[in-house]
Amino acid sequence: MNLVSRYIVALAWCFHITTAATVTYDFNVGWVTANPDGAFERPVIGINGQWPIPQITANIGDNILIHVTNQLGNQSTSLHFHGLFMNGTAHMDGPAQVSQCSIPPGSSFTYNFTINQPGTYWYHSHTGGQYPDGLRGPLIVHDPKSPFLGQYDEELVLTVSDWYHEQMAIMLPSFNSKSNPTGAEPVPQAALFNETQNLTVAVEPGKTYLFRMINIGAFAGQYVWFEGHNMTIVEVDGVYHQPAEAEMIYISAAQRCSFLLTTKNETTANYAFVASMDTTLFDTLPADLNYNVTGWLTYNKAEAFPEPALVDELNPFDDMTLIPYDNQTLFGEPDKVIELDVIMDNLGDGANYAFFNNITYKAPKVPTLYTALSAGEQATDPDVYGTYTHPFVLEKGDIVQIVVNNLDTGRHPFHLHGHHFQAIYRSAEEAGTFEDANVTDADFPKMPMRRDTLVLYPDGNIVLRFRADNPGIWLFHCHIEWHVTSGLMATMIEAPLDIQKTLTIPQNHFDACSAQGVATVGNAAGNTADYLNLKGENEPPARLPDGFTTRGKVALAFSALSGILGVLAVAWYGLAADPAATATATSPAAPHHGVASESPGNTSSEAVAESKEVFATDTTGTSIPAGAGTRRQ
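Residues numbered from 1 in each chain as written. Predicted model: local features only at pLDDT ≥ 70, side-chain atom pairs only at ≥ 80, totals over all residues. Heavy atoms only, no water.

A. The state of the cysteines, seen in detail. The full count for this structure, using the stated rule, is one disulfide. The disulfide partner of C101 is C513, and the S-S distance across this bridge is 2.0 Å. On the sign convention where negative means left-handed, the S-S torsion of about 105° between C101 and C513 marks this disulfide as right-handed. Placement of C101 in the loop between β5 (79-82) and β6 (108-114) and of C513 in helix α6 (residues 507-514) is noted, with a sequence separation of 412 residues between them. (Disulfide = S-S within 2.5 Å. Helix = DSSP H or I, 4+ residues; strand = E, 2+ residues; numbered from the N terminus.)

Shown next as structure tokens:
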């Protein structure tokens, strides 16, 4: 498309979006059957009998009405619109027991909000670790004033995700149990592009495309690259940034990255593009795991669809180097500093939990927003929200700094609801805590990158700043769904007295609560007489006592004694004379018939060679499997 044509397209957008519209969706949420990786058919959560679920599309300024009816039969649900601020409508944010009650089977619920942000977003269930079962899809907001509108001919939405063959309702109990004391997360069975494999994307030569990429997965970050083509990043998480060229990007669960890609001026070949799961997140690497998914930029269907080449290293673009398009400068000294240490540990039930500062999240008996609305002047007291929601009360207009120290050996993508934040610092891996970094404001970028989800490296730290200008109840949590369910969440209570003045809860929101017997007034324990009395609040299992208990010491003593007796028995048996051996020594040797027994552990050299994997090394020095993706059938 030439410059004149692009200008006409831009004018058409402006003409089309002259007034805000009301966009209405009717969503019947229910089970359907799908087999996206071609390996296993399973129940998935669809909408209106279809899966993948529909994309929500709007223009900036539109009012969105989404009528949800839960037809799952066996599970409650809710919808979160990831990355949208929900200015003035905090009760539409979606997390169950935070801004609403979940929607029980057979009930209906309406989300009603106005979108004043352009960019690339997604929506997903925010109840009970449910969205990896399929309730996840793109949400795109078009902008007639986009600074990049005249620079591309067409836009394409491309989701990437991990995929499990088992339902979350079956995997979660065994994950959060004493049978999994290390907290090893289930490893996905596959990776997907647009909820499928072997995806082909038709392109025309000499054109520029805006790709809106969204990681809608539950766990794995993804390395993404396009063979023979570079990407020019222009937006991350709904924030325009100055164009930055990249050969490879890393996109964690919940992150979005929009980039311009210009095609070649020929149609003689098709080109692979690859997403490779970040296998450093996995405790084990199953031998049959295909950690890559491959798609193709299709210039000519008659040409071959080549297998992707092996890569020498996984060296993605550093998103911390991005500069926001509006050149917003670093916020000043913070009014409030929140320091959170990430810890994984076991509790008294033997299961592994995730903690911020030794607190693992436990949902309150009353949704946190409803506590804020019913607590009067006490809404500014964090105690009314309970111990295990890990609440922080923010004053309107405050500059808030969140420091996250990773005392864990895994990566964590941290997401803040209701805001973009300035990502002002991220340490290297194994750098320790921020306190040890000897970093001052003078070391921070003058115009820091902004987004709503940022990756924290193993044994490292990050520093974020945002302005508390959006009254509401906003979660801050790791977006690995396994870590959400194991408690890696805190709650920002932002300007609660302002919430009381501006919000009115619709009746069908209260109806969802009454259908489940959930209170809509009171503190975290449901106490309305004394908001500071938290007796009866939901609590996690008790902490393990320091050192061994008496029972533990007795068990250890008996274990040690049993071990010693076992060693003595083996030694006695080994030293005893073997009558059969003595008899054999005096008898003729038995004839050898040339038939060897085949041990299951024996493997031919050819089989060993075939089982070898090719490894690439990322810039941190960690060995990560890389290589060819799936072959187009």
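B. The packing of aromatic side chains, seen in detail. Overall, the coordinates contain 27 aromatic pairs when judged by the stated rule. Considering the side-chain rings of Y25 and F27, the 5.6 Å spacing of their centres and the 50° angle between planes classify their relative orientation as tilted. Residue Y25 is classed as buried on the basis of its relative accessible area of 17%. Judged by centre distance (6.1 Å) and plane angle (20°), the rings of F356 and F476 are stacked. Placement of the pair is F356 in strand β21 (residues 352-356) and F476 in strand β29 (residues 472-478), with a sequence separation of 120 residues. Here F356 matches F476 in class, with each residue buried. (Phe/Tyr/Trp six-rings, centres within 6.5 Å; stacked < 30°, edge-to-face > 60°. Buried < 20%, exposed > 50% of the residue type's maximum accessible area, 1.4 Å probe, protein only.)

C. Local environment of the sheet that holds strand β17 (residues 256-262). Across the sheet, six strands lie side by side as β10-β9-β12-β17-β14-β15; this open sheet has mixed pairing. At either end of the open sheet lies a strand with only one pairing partner, and these are β10 (190-193) and β15 (239-246). Along the sheet, successive strands turn relative to each other by an average axial angle of 25°, direction set aside. Of the pairings in the sheet, the one linking strand β9 (residues 154-163) to strand β12 (residues 208-215) comprises seven bridges and is parallel in character. When the bridges of β12 are listed, V157 appears paired with R212. (Pairing = 2+ DSSP bridges. Axes fitted to C-alpha atoms, helices over the stretch in contact; angles between N-to-C directions.)

D. Structural context of the pattern of salt bridges. Applying the stated criterion across every chain, the model contains 17 salt bridges. For D319, the salt bridge identified is with R451, shortest N-O distance 2.7 Å. In this pair, D319 sits in the loop between β19 (292-298) and β20 (336-346) while R451 sits in strand β26 (residues 450-451), placing the two residues 132 residues apart along the sequence. R451 carries the same exposure label as D319, and that label is buried. For D498, the salt bridge is made with K396, and the minimal N-O distance between the two is 3.8 Å. Taken together, the residues D498 in helix α5 (residues 496-502) and K396 in the loop between β22 (391-394) and β23 (399-406) connect sequence positions 102 residues apart. One network of salt bridges, with partners in common, ties together D237, R256, D318, D319, R426, R451 and D452. (Salt bridge = Lys/Arg side-chain N within 4 Å of Asp/Glu carboxyl O.)

E. Examining unusual backbone geometry more closely. The omega torsion across W51 and P52 is 5°, close enough to zero to call that bond cis. Counting through the fold element by element, P52 comes out in the loop between β2 (42-47) and β3 (56-59). Of note in the backbone geometry, Q97 takes a positive phi value of approximately 65° without being a glycine. In this model, E430 sits at a positive phi of 55°, which is unusual for a non-glycine residue.

F. Here's a closer look at the sheet that holds strand β1 (residues 22-34). Here four strands make up an open sheet; going across it, the order is β2-β1-β4-β6 and the pairing mixed. Across the chains shown, the open sheet's two edge strands, defined by having one partner strand only, are β2 and β6. Each strand of the sheet is rotated relative to its neighbour by a mean of 20°, with strand direction disregarded. Bridge count for strand β4 (residues 63-70) against β6 is seven bridges, and the pairing is antiparallel. Residue pairing across strands places I66 opposite Y111, the latter belonging to β6.

G. Expanded view of the environment of R450. Tracing the backbone shows R450 in strand β26. R450 gets classed as buried once you look at its relative accessible area, which sits at 11%. Those residues in contact with R450 that sit more than four places away from it in its chain are V236, V239, H241, P324, D326, Q328, F421 and Q422. Within the structure, the side chain of R450 is placed 2.9 Å from the side chain of D326, a separation counted as a polar contact. Among the polar contacts listed, one links the side chain of R450 to the side chain of Q328, at a separation of 3.4 Å. (Contact = heavy atoms within 4.5 Å. Polar contact = N/O pair within 3.5 Å; in protein donor to acceptor, adjacent residues only side chain to side chain.)

H. Local environment of the environment of M86. Along the polypeptide, M86 turns up in the loop between β5 and β6. Distance in space between the C-alpha atoms of M86 and H417 is 9.3 Å, their sequence separation being 331 residues. Residues within four places of M86 in sequence aside, it is in contact with F81, M92, D93, F113, N470 and W474.

I. Just the nonpolar core, in detail. Counting residues in each nonpolar core, the largest one holds 142 residues, and the members touching the most others are I66, F81, Y111, F226, F414 and F476. No other element matches β1, which puts six residues into this core. Apart from the residues lying within four places of it in its own chain, the contact partners of Y111 are I64, L65, I66, V68, S78, L79, F81, M92, G94, Q100 and I103. (Core = buried A, V, L, I, M, F, W, Y, C linked by side-chain atoms within 4.5 Å.)

J. Focus on the environment of E339. Residue position: E339 is located in strand β20. When the C-alpha positions of E339 and V403 are compared, they lie 4.7 Å apart, and in sequence the two are 64 residues distant.

K. Expanded view of helix α2 (residues 168-175). What α2 keeps buried is the set M168, M171, L172 and F175. For α2, the angular spread of buried residues about the axis comes to 100°, placing them on one side. Close packing links the buried residues of α2 with α4 (481-485). (Arc of directions from axis to C-beta.)

L. Representation of the side chain of H415 within the structure. Position of H415 among the secondary structure elements: in strand β24 (residues 412-416). Among the polar contacts listed, one links the side chain of H415 to the backbone oxygen of D452, at a separation of 3.0 Å. There is a polar contact of 3.3 Å between the side chain of H415 and the side chain of T453.

M. Summary view of the confidence of the model for the protein chain. This prediction gives the protein chain a mean pLDDT of 88; 83% of its residues lie at or above 70. For the stretch residues 1-17, pLDDT sits under 50, and the model shows 18 contacts to residues farther than four places along the chain or on other chains. Low pLDDT, under 50, characterises residues 548-558; the stretch is placed with two contacts to residues that sit more than four places away or in other chains. (pLDDT = per-residue confidence, 0-100.)

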